[in-house]
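# Report on the structure
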Amino acid sequence: DAAVAITIGGPSAAIVTTTPGQNGLATFPGTTGRLATVRVTGNTIGFVALTLLHPDGTTVLATYSSAANSFSMPAVTLPATGTYTVQTNPSGTAFGTLNISVTSP
């Protein structure tokens, strides 16, 4: 998987996948009660599903899918302090680049 680290309010990072169907991961630190919005720009992958995972790594906090060049997941209030993960899962054998960032909100 292609992996990047980002921060809330920081610059976006490019997730670049080069193998058909390759997934991506973006991690960011968060604190209890903070509002976070995951944003995507420059999506060349096409249809991609995003999943926001709790710091425990198993609890799904939000999912969102889009084929748009730019889109945002609905804002989520972070339930715990720790490192959150956003998984990117392209449709089928798609690959390419997307820029991911997190804002508050």
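Structure's up top.
## Quick word on the sheet that holds strand 9 (residues 82-90)
Taken together, the 5 strands give an open sheet; going across it, the order is 1-3-9-5-6, and neighbouring strands pair in mixed fashion. Of all strands in the sheet, those with a lone pairing partner are strand 1 (2-5) and strand 6 (60-66), marking the two edges. Taken pair by pair, the neighbouring strands of this sheet meet at an average axis angle of 20°, ignoring direction. Sheet analysis places strand 3 (residues 24-30) next to strand 9, joined by 7 bridges and oriented antiparallel. Following the sheet pairing, Leu 25 is matched in strand 9 by Gln 87.

## Describing the environment of Leu 52
Looking at where Leu 52 falls in the secondary structure, it is placed in strand 5 (residues 48-53). By relative accessible area, Leu 52 is classed as buried at 2%. Put simply, Leu 52 and Ala 36 are 16 residues apart on the chain and 10 Å apart in space, counted from C-alpha to C-alpha. Residue contacts for Leu 52: discarding those within four places in its chain leaves Phe 28, Thr 59, Val 60, Leu 61, Ala 62, Met 73, Val 76, Tyr 84, Thr 85 and Val 86.

## What about the nonpolar core?
Within the largest apolar cluster, 27 residues are counted, with the highest numbers of intra-cluster contacts made by Phe 28, Leu 52, Val 86 and Ile 100. Elements with a minimum of two residues in this core: strand 1, strand 2 (13-17), strand 3, strand 4 (35-41), strand 5, strand 9 and strand 10 (96-103). What Val 86 contacts, discounting residues up to four positions off in sequence, is Gly 24, Leu 25, Ala 26, Phe 28, Val 38, Leu 50, Thr 51, Leu 52 and Ile 100.

## Looking at the pairing of strand 5
Taken residue by residue, a regular strand's side chains alternate between the two faces of the sheet. Most of strand 5 sits inside the fold, with 5 of its 6 residues counted as buried. Taken together, the 6 bridges between strand 5 and strand 6 define a ladder with antiparallel strand orientation. Note that in strand 6 the partner of Ala 49 across the bridge is Ser 65. Connecting strand 5 to the next strand, strand 6, in antiparallel fashion are 6 residues, including Gly 57 with a positive phi near 85°. Inspection of the sheet shows strand 5 paired to strand 9 by 6 bridges, in the antiparallel sense. Looking at the pairing, Thr 51 lines up with Gln 87 of strand 9.

Procedures and definitions
Residues numbered from 1 in each chain as written. Predicted model: local features only at pLDDT ≥ 70, side-chain atom pairs only at ≥ 80, totals over all residues. Heavy atoms only, no water. Pairing = 2+ DSSP bridges. Helix = DSSP H or I, 4+ residues; strand = E, 2+ residues; numbered from the N terminus. Axes fitted to C-alpha atoms, helices over the stretch in contact; angles between N-to-C directions. Buried < 20%, exposed > 50% of the residue type's maximum accessible area, 1.4 Å probe, protein only. Contact = heavy atoms within 4.5 Å. Core = buried A, V, L, I, M, F, W, Y, C linked by side-chain atoms within 4.5 Å.

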